[in-house]
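Each chain is listed here by its residues.
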Amino acid sequence: MRDRFQQLSGKTRFVVCRIFLHLAGREVAPLLGVLNQAGQRAIAAEGDLDALGEELVTICDHLLEYESYWQSAANEGDVFWDEGEAGDYVTELFTDSAQRYGSGAELLDSDTEDAETPLILPITQNLVVMITVAYEGEVPTLETDLTNASALRMGLKSIINLHHNEKLRAIQVHFSPAQLGDELTYDELLQHYPELVPL
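Residues numbered from 1 in each chain as written. Predicted model: local features only at pLDDT ≥ 70, side-chain atom pairs only at ≥ 80, totals over all residues. Heavy atoms only, no water.

1. Focus: the nonpolar core
Stated precisely, the cut-off is as follows: Take the buried residues of types Ala, Val, Leu, Ile, Met, Phe, Trp, Tyr and Cys, join any two whose side-chain atoms come within 4.5 Å, and each joined set is a nonpolar core. Partly exposed describes any residue whose relative accessible area lies between the buried limit of under 20% and the exposed limit of over 50%, with all areas from a 1.4 Å probe on protein chains only and scaled to the type maximum. Strands here mean DSSP runs of E at least two residues long; helices mean DSSP runs of H or I at least four residues long; both are numbered from the N terminus. In what follows, residue pairs with any heavy atoms lying within 4.5 Å of each other are defined as contacts.
In terms of nonpolar packing, the biggest core is built from 38 residues, with Leu23, Leu63, Leu127, Ile131, Tyr135 and Leu142 touching the most fellow members. Elements with a minimum of two residues in this core: strand 1 (14-24), helix 2 (29-45), helix 3 (49-65), strand 2 (70-80), strand 3 (126-136), helix 5 (149-164) and strand 4 (168-176). A per-element tally of this core places helix 3 first, with seven residues. Beyond its immediate chain neighbours, meaning those up to four positions away, Leu23 contacts Val28, Leu31, Leu63, Tyr66, Tyr69, Trp70, Gln71, Gln125, Asn126, Leu127 and Val129.

Here you go:
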């Protein structure tokens, strides 16, 4: 009822949502490269929302391509009629995502590698991607339970459409482990991502 009243009064509806997606298998490691490259380009974009949106589309496209490796997911969010309150919630989710085990966009520094040392890195079996977006309007496919593969697929496609329709107001992507060579064990997965539900 409050939603309907606010609509009639002409206020802008803001939604903030966060999606967790856990992928598993030795084949998911290349996604870390995609995520780190997107992170580097996002830093170079210096906050340009359109450029960040393009990187988000790339990430969502790759996640959709890797659907056969999806293991579990979770999502949460809220509706706001005040942009400041929506911004505060985005900050809250950012802080929480960044504090999760090994999360972030730590970028590899190739200059520090010793050319004589053979590069042998463990390959993680688990990858968790956390996507937080804020947008204007109403997107039923994002404002629902995304803990089944079909709903999650629709949700990721909706995020892509939000970018193309210029409705995104904030974008954050965190992932764990943060770089090639780090590992996320099943115990760490259970400890740091307890909300995940098997798909």
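2. Digging into the sheet that holds strand 1
Note the following rule: By this definition, two strands are paired if DSSP reports at least two bridges between them. For helices, the fitted line uses only the C-alpha atoms of the stretch in contact; every axis is such a line through C-alpha atoms, and the angle between N-to-C directions lies from 0 to 180 degrees.
Read across the open sheet, the five strands follow the order 4-3-1-2-5; overall the sheet is antiparallel. Whereas interior strands pair on both sides, the edge strands pair on one side only; in this sheet they are strand 4 and strand 5 (197-198). Inspection of the sheet shows strand 1 paired to strand 2 by 10 bridges, in the antiparallel sense. By the bridge assignment, Phe14 is partnered in strand 2 with Phe80. Together, strand 1, strand 2, strand 3 and strand 4 form the strand contacts of helix 3, whose direction differs from that of strand 4 by roughly 50°.

3. A word on the pairing of strand 3
Counting buried positions along strand 3 gives 10 out of 11 residues, so the element sits mostly inside the fold. As paired strands, strand 3 and strand 4 are joined by eight bridges and run antiparallel to one another. The residue of strand 4 that forms the bridge with Thr132 is Gln172.

4. Observations concerning the pattern of salt bridges
Heads up, the rule is: Throughout this description, the term salt bridge denotes a Lys or Arg side-chain nitrogen within 4 Å of a carboxyl oxygen of Asp or Glu.
For the structure on display, the rule yields eight salt bridges. A salt bridge links Asp96 to Arg18, with the shortest nitrogen-to-oxygen separation between them at 2.7 Å. Placement of Asp96 in helix 4 (residues 83-99) and of Arg18 in strand 1 is noted, with a sequence separation of 78 residues between them. Look at Asp96 and you get partly exposed, because its relative accessible area is 27%. In this structure, the salt-bridge partner of Glu195 is Arg100, at a minimum N-O distance of 2.9 Å. With Glu195 in the loop between helix 6 (186-192) and strand 5 and Arg100 in the loop between helix 4 and strand 3, the pair connects residues that are 95 residues apart, well separated along the chain. The exposure class of Arg100 is buried, given its relative accessible area of 10%. The network of salt bridges with common partners includes Arg18, Glu76, Asp96, Arg100 and Glu195.

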